[in-house]
Amino acid sequence: MCHDTIPGGLPTPGPYQIKESKGLRYWDFSTNTDSEVRVALITDIYGCNNFYQSMSTYFAEQGWQSHLIDLFSELGELKEVSREAAFERRHKLNDPLCCDRIAQYIVDNQITALVGFCLGGNYVFELARRNVKTRHIAYYPFPAGLPTEHGLDPAFDYLEQLQTEVTVLIGDADDRVGLDNVTRLKAISESTAALKVKVYPGSKHAFLEDLDSSDPDLKRNAEASLVACLEAIA
């Protein structure tokens, strides 16, 4: 699991309204509907759990319009909160169709920033590949791809030709993504202007959890990544 708890420093999930945009459901946490910053969040395979509700509330607390995209609204709730159940549901997603809907939603709702975690980070890569006009931020994505029946091309197939900027936040000890893949991603970024990769030493997958870490270096990484995320959004 990427995230299943709310780390210290992030707020209790706030109120939201469920809305739809041409087949895409999203949860609107906005308290300032006049803000010109409109940020949308794409979750991991576990969907709109408390962590992602907290992150969306956190973005709303910055004074921004804040949406949480519900990838799994047509597939229903998890039968149980387990990795096996989450992957079973995830494999029913049609990734290209999801990205089609998100791309249209971004245009229709004038979304100015897109933040994706894990699976959501792969969608961010794909939308940047399509040159969808928004700011793109990916937390611990899988550039080598994720196995599924209706999947996307691995980001490694096109990152060197990327024209639309993506900010990637990832740890150099992320063994779920693959340590070699993190190294390769960083190497590609050094010759690809549109790929902005920030690698955090010692941090693993889902390292925002380290906002609660007793290790000062890991805690500092998590805090720095959150600052980098906010800067990339605004």
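Basis of the calculations
- Residues numbered from 1 in each chain as written.
- Predicted model: local features only at pLDDT ≥ 70, side-chain atom pairs only at ≥ 80, totals over all residues.
- Heavy atoms only, no water.
- Phe/Tyr/Trp six-rings, centres within 6.5 Å; stacked < 30°, edge-to-face > 60°.
- Helix = DSSP H or I, 4+ residues; strand = E, 2+ residues; numbered from the N terminus.
- Buried < 20%, exposed > 50% of the residue type's maximum accessible area, 1.4 Å probe, protein only.
- 1 Å grid on protein atoms, 1.4 Å probe; cavity = no way out; pocket = protein on both sides within 12 Å on 5 of 7 lines; lining within 4 Å.
- Points joined across faces, edges and corners; volume = space filled by probe spheres on them.
- Nonpolar A, V, L, I, M, F, W, Y, C, P; charged D, E, K, R; others polar.
- Disulfide = S-S within 2.5 Å.
- Expected span 1.5 Å × (residues − 1).
- Contact = heavy atoms within 4.5 Å.
- Axes fitted to C-alpha atoms, helices over the stretch in contact; angles between N-to-C directions.
- Left-handed = near helix turned anticlockwise from the far one by under 90°.
- Pairing = 2+ DSSP bridges.

Overview of the packing of aromatic side chains
Inference 1: Counted according to the given criterion, the structure contains 14 aromatic pairs.
Inference 2: Note on Tyr140 and Phe207: the rings are 5.4 Å apart at their centroids and 70 degrees apart in plane angle, and the pair reads as edge-to-face. Taken together, the residues span a long stretch of sequence, with Tyr140 in the loop between β6 (135–139) and β7 (166–171) and Phe207 in the loop between β8 (195–200) and α6 (216–233) at a distance of 67 residues. Judged on exposure class, the residue Tyr140 and its partner Phe207 are both buried.

As for the layout of surface pockets
Inference 1: Size it by volume and the largest pocket reaches roughly 280 Å³.
Inference 2: Forming the boundary of the largest pocket are 17 residues, of which Tyr46, Gly47, Cys48, Glu77 and Arg89 lie nearest the centre.
Inference 3: Looking at the lining of the largest pocket, its residues break down into 8 nonpolar, 4 polar and 5 charged.

Quick notes on empty space enclosed by the protein
Inference 1: Across all of its chains, the model carries 1 cavity of 30 Å³ or more by this definition.
Inference 2: When residues in the lining of the largest cavity are grouped by element, the largest group, 4 residues, is from helix α4 (residues 119–129).
Inference 3: Classifying every residue of the lining of the largest cavity by side-chain character gives 8 nonpolar, 3 polar and 4 charged.

Looking at the state of the cysteines
Inference 1: Under the counting rule described, the total for this entry stands at 0 disulfides.
Inference 2: The thiol of Cys2 is unpaired, and the distance to the nearest cysteine sulfur, on Cys118, comes to 3.3 Å.

Observations concerning helix α1 (residues 50–61)
Inference 1: Taking 1.5 Å of rise per residue, the 12 residues of α1 would be expected to cover 16 Å, and the 16 Å separating its terminal C-alpha atoms lies within 8% of that figure.
Inference 2: Judged by how many residues are buried, α1 sits mostly within the fold: 10 of 12 residues are covered.
Inference 3: By the burial criterion, the buried members of α1 are Phe51, Tyr52, Gln53, Ser54, Met55, Ser56, Thr57, Tyr58, Phe59 and Ala60.
Inference 4: Looking at the buried positions of α1, the neighbouring elements they touch are β2 (24–28), β3 (38–42), β4 (65–70), β5 (113–117) and α6.
Inference 5: Looking at the residues trailing α1, positive phi occurs at Gly63, about 90 degrees.

Regarding the packing of helix α3 (residues 95–108) against α4
Inference 1: Relative to each other, α3 and α4 sit at 65 degrees, their axes nearing to 10 Å. Handedness of the α3/α4 crossing: right-handed. Only Tyr123, Glu126 and Leu127 of α4 make contact with α3, whose side of the interface consists of Asp95, Cys98, Cys99, Ile102 and Ala103.
Inference 2: When its residues are assigned to classes, the contact of α3 with α4 shows 6 nonpolar, no polar and 2 charged.

Some details on the side chain of Gln53
Inference 1: Here Gln53 is to be found in helix α1.
Inference 2: Judged by relative accessible area, Gln53 falls into the buried class, the value being 12%.
Inference 3: Beyond its immediate chain neighbours, meaning those up to four positions away, Gln53 contacts Pro13, Tyr16, Trp27, Phe29, Cys48 and Leu68.

Side note on the sheet that holds β8
Inference 1: Reading across from one edge, β1-β2-β4-β3-β5-β6-β7-β8 is the order of the 8 strands in this open sheet, with mixed pairing throughout. Each of the sheet's edge strands pairs with one partner strand only, and the pair in question is β1 (17–21) and β8. When strand polarity is set aside, the average angle formed by the axes of neighbouring strands in this sheet is 25 degrees.
Inference 2: Pairing analysis gives 4 bridges linking β2 to β4, with the strands arranged antiparallel. Its bridge partner being in β4, Tyr26 is matched across the sheet by Ile69.
Inference 3: Contacting β1, β2, β3, β4 and β5, α3 runs over the sheet at an angle of about 50 degrees to β2.
Inference 4: Its contacts with the sheet place α4 against β3, β5, β6, β7 and β8, and it is angled at close to 140 degrees to β5.

A word on unusual backbone geometry
Inference 1: A positive phi angle, close to 50 degrees, is found at Lys22, a residue other than glycine.
Inference 2: Residue position: Lys22 is located in the loop between β1 and β2.
Inference 3: Using a relative accessible area of 62% as the deciding quantity, one classes Lys22 as exposed.
Inference 4: In this structure, Gln110 takes a positive phi of about 50 degrees despite not being glycine.
Inference 5: Tracing the backbone shows Gln110 in the loop between α3 and β5.
Inference 6: We classify Gln110 as exposed; its relative accessible area is 53%.

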